[in-house]
Amino acid sequence: MAWQPAWNLQNQKLLRQLHQSLFTGRMLSLDQINVDQPLILKELDWAEQGPLPSIGSLRPHWRQDVSLDCKISPEDSHARACTAYYYDLLQGTLQQEGLPETIDRTKEPCTGFSSTEVTICILGSPTSYLSVLLEGGSQCPGSMLLCLSPCWLSKVPSLLRPGESSLLVSKAISFEQGGRTFLEEFSPPRRVTYFTGSFGPCKEHEQSAGELARDLDCPTGGSGELARLLEDKLLTRQLLDARAQVGVPPTLAFTFQRPQLLQGLAAQRSLHVVELSGKEGQENLVQEEVGAFLQGGAMEPYSQVVVKPSGWRWSGAHTVSFHVKAEQAAVLQAVLALLETLEEEESALVEAFIPTARFTQFSSPDNSSLCSTSPRPNLAIRICTVVCRSWADQPLLTKVVCGMGRADKPLKHQATVPQTLESSLQEWGMTDEAQITAIRAQIKQKAEAAMRAFMEMEAELSVEQRGGRRTQTDVIGVDFLLTSSEEVLQLVALEMNSQLCLETCALFESMGQAVGVPRGSSQPLVETMLRRAQCHLMEGKHVLVIGAGGVSKKFVWEAAREYGLKIHLVESDPNHFASQLVQTFIHYDSTDHKRDEEHAQRVVELVQERGLHLDGCLSYWDDCMVLTALVCEQLGLRCSPTAAMRVAKQKSRTHQHLLRRRKDAPRGWPSAAVYAVPCWHLESQADVERAAHHLSFPGVMKLEYGAGAVGVKLVEDAQQCHLHFEKISQDLREDTDHPGIGLGWGNAMLLMEYVSGTEHDVDLVIFEGRMLAAFVSDNGPTRVPCFTETAASMPTCLPPDREAQLVRAAYQCCLGCGLTDGVFNVELKLTAAGPKLIEINPRMGGFYLRDWIREVFGVDIMLAAVMVACGVAPLLPTWPQPRTHLVGVMCVVSQHMQALKSTASLETLQALHEGGVVRLNLLDDKLISREYEEPYCNVACGGPSRHEACLKVLSICQALGIDSPQYPVAHFLSHFK
């Protein structure tokens, strides 16, 4: 869809009238606007879906002497008039929203933007994208930019990708928190990291949005090429019918050259396509096909037909005609006249005019009865949906609004006032909440299926066909009509579009602001924009990773490749599987971590010998966190201080450090000391005796530098302490006795007082001491006396105040230890009196946590950790809404050896995972029973509610033999209520 309209004389006159009405306060009449006058040719954009939105009723209380000219690319007089109009439209829209006027800051150009800053640029209508811009301005102030003219943007050859271009913005409207907006100039121009808008050809400027988007090195939310496909009614209707299995009106299509994209589609249920050899001599064939269609079985339930063109050139054009089915000659004449105006790959469509359902008594899709106390047979409902591409390329329905009108008239977006689905159905006569819920569920399923079908088609296109390597469609609109067949309510998809539904939903949200209805539908789209922009920033970064970890960290190398990261790995095992998955593999034995200062010096030398120019350095492995901090200090890379890493790495030292800082808390804050637990460092039996004398029992003994709950035990008295200390001292002496649990730091232990309560994990993202995000998960009751994990749930089932206690406790404990930059995992217990700290893991959460957080909240903490290490502040939703509920159960070899070799074999679990039945996280690759064991895998199930997820995972565990009297899964899930 075009950025600026290909105005005919009448439209230019309309623009002048609208400006005149704006400044005089006069209103234009409908006769002046003349909404029904047809256009011969249409190359439309968001401004031409009908006449330009009238803002004449609003007096211009905003400044008119703002600087809209762009010095780098001057506009002609007509282009300047269009830019001025859209600026006035923005100010009028802000005024209606109760938001302040845009402040002109162009006299002091913005300077000093770095190459690591997110810049999301939208070239489109203020009314279409206002919700997105306001939501983005709230999440990432100053990063969301609106351009009112393509002249505010320019393309230069990419320095990173030969053959591609970088997009620079010289002037824009920036959005910040509280709805504040600023007209800015950027000197030098600011590099765009994500671009979207209204795409199409443009006659008003040298470059259109579609031309600007072509072959960019940054991600784009569309392109002229993709918009051309999305606005092609024949193409999208065939996708809906053949791929999405979504009902569409019975349709007859005539085309001169069937697009290649349509040739591979399976036979359609509701479409019949006739390919004509030319414009001459086709009358008999057209007459025969029209007659057969009108008299065919598919048209039997319908009395009217619609004749319309299909093709992007016709988007929004008033060239639709309606005919009685019985008037075959009139239908034929309309088709023949339309065919005369078509070009290659355009089509003429004859489709059934779908009547709305007459609401008397129907069955819903689940066959339950619908009863009406107030039938409204003369009303029709057009259902408008917006679907965006969420993380992992999953379609997500973000908004549903409706328009109502007379059933004997076509419902147009601009001719109806948007309202909720619930209000529309109630006005129509439907009051049964269960039926309304069922219809909403069907809308979600079909709208997301439509988006998925378009995405699948898009994935099959070449780079040239998409318009660029980083181009994809991130949001679409799908229109539905509620009709009936044999007294069963059905949804029929009318069309897919790139702008109309977005505009309608934006208007609906704008109306809601007047009565305090919060926005929210734009958040998933903003998250997609931010995620893609940040991935672009990180692409090609050189990152040093110290320590490869085990099989549970395999996802790190796969994700790094997907993100385009250049990983240089330092690892002690020369045969580690990750050596083949990274850019550079450096073998260096650092298993003796008591010599980390020496190791750090040698690692830095190895990096310098190879001439590596690093952007960041980090580790995902417990044993290597202090070494990583030492290397970062020597290389001048971002990381928490080495002293802080040492405090966090040694468990007893963490608690003792916090207890000593009791008086350091800011006024009004509880000290982090209130979360610490009395404990004692143990290196000898004498230490055990002293600890038993000073601490209360019961207590918990564990390895001072341990991981995975290996060596942990509940002790009731001093004698049990001495016995357990002696056993661990004999069994676990060095790293080869049990690799990967911290024995490279020695086998010292600690004794801490036992704390009762529920156990929870808090995963934090902290940058320069600021908490950017926090994710809380719940753990089921551990298996005593060794405290091995049994089950987990995400999101937390705690009430908000208790969740807030955990987040604040985790954050204060991290800051109290000096952890200022990184992604950290904090284990706590929640007692009746508040949280108590168990331990801080100064690295990203292990086991399943990265996978679950990504699935539930759409945030990848692995990427966040890389960004922090590279000095880039991740832009994350502070309190993202959960998209699903996950509940999982740990499998351990001692309890599940038989099942893991039969009913719950790895092959079976992987097949269930690939089929979407379970979510499998493999934590070990060896089925070996050990005295000091760690979990083998985690088997989880998702659901729309925690209760449903619990029922699913319990059923799976019973069927696979994971549940048993010795391993009672129902008990382990009992905390998740």
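Conventions and cut-offs
Residues numbered from 1 in each chain as written. Predicted model: local features only at pLDDT ≥ 70, side-chain atom pairs only at ≥ 80, totals over all residues. Heavy atoms only, no water. Axes fitted to C-alpha atoms, helices over the stretch in contact; angles between N-to-C directions. Helix = DSSP H or I, 4+ residues; strand = E, 2+ residues; numbered from the N terminus. Parallel < 35°, antiparallel > 145°, perpendicular 65-115°, else oblique. Left-handed = near helix turned anticlockwise from the far one by under 90°. Contact = heavy atoms within 4.5 Å. Nonpolar A, V, L, I, M, F, W, Y, C, P; charged D, E, K, R; others polar. Buried < 20%, exposed > 50% of the residue type's maximum accessible area, 1.4 Å probe, protein only. Polar contact = N/O pair within 3.5 Å; in protein donor to acceptor, adjacent residues only side chain to side chain. Pairing = 2+ DSSP bridges.

Moving on, we get to the packing of helix α4 (residues 126–139) against helix α15 (residues 523–538). For the pair α4 and α15, interaxial distance at closest approach is 9 Å and the crossing angle is 60°. The pairing of α4 with α15 is recorded here as oblique in orientation. Between α4 and α15 the crossing geometry is right-handed. Along the contact surface, α4 presents Val132, Glu135, Gly136 and Gln139, while α15 presents Gln523, Leu525, Val526, Glu527, Met529 and Leu530. Residue classes in the contact of α4 with α15 are distributed as 5 nonpolar, 3 polar and 2 charged.

Looking now at helix α7 (residues 233–243). With 10 of 11 residues buried, α7 lies mostly within the body of the structure. Turning to α7, its buried residues number three or more, namely Lys233, Leu234, Leu235, Thr236, Arg237, Gln238, Leu239, Leu240, Asp241 and Ala242. In this structure aspartate 232 caps α7, since a side-chain oxygen of it lies 3.1 Å from the backbone nitrogen of leucine 234. Directly beyond the C-terminal end of α7, a positive phi value near 55° is found at glutamine 245.

Strand order in the open sheet formed by 4 strands is β19-β18-β17-β20, with parallel pairing between adjacent strands. Two strands lie at the open edges of the sheet, namely β19 (584–587) and β20 (616–618), each paired on one side alone. Looking at each pair of strands side by side, their axes are set apart by 20° on average, direction ignored. Relative to β19, strand β18 (residues 566–571) runs parallel, the two being bridged by 4 bridges. Within β19, the position partnered with glutamate 571 by the bridge is histidine 587.

As a further point, take the pairing of strand β15 (residues 475–485). Counted residue by residue, β15 has 9 buried out of 11 residues, so it is predominantly covered. Relative to β15, strand β13 (residues 379–390) runs antiparallel, the two sharing 7 bridges. Paired with cysteine 388 across the strands is valine 475, a residue of β15. Note: β15 against strand β16 (residues 488–497), 9 bridges, orientation antiparallel. When the bridges of β16 are listed, leucine 482 appears paired with leucine 491.

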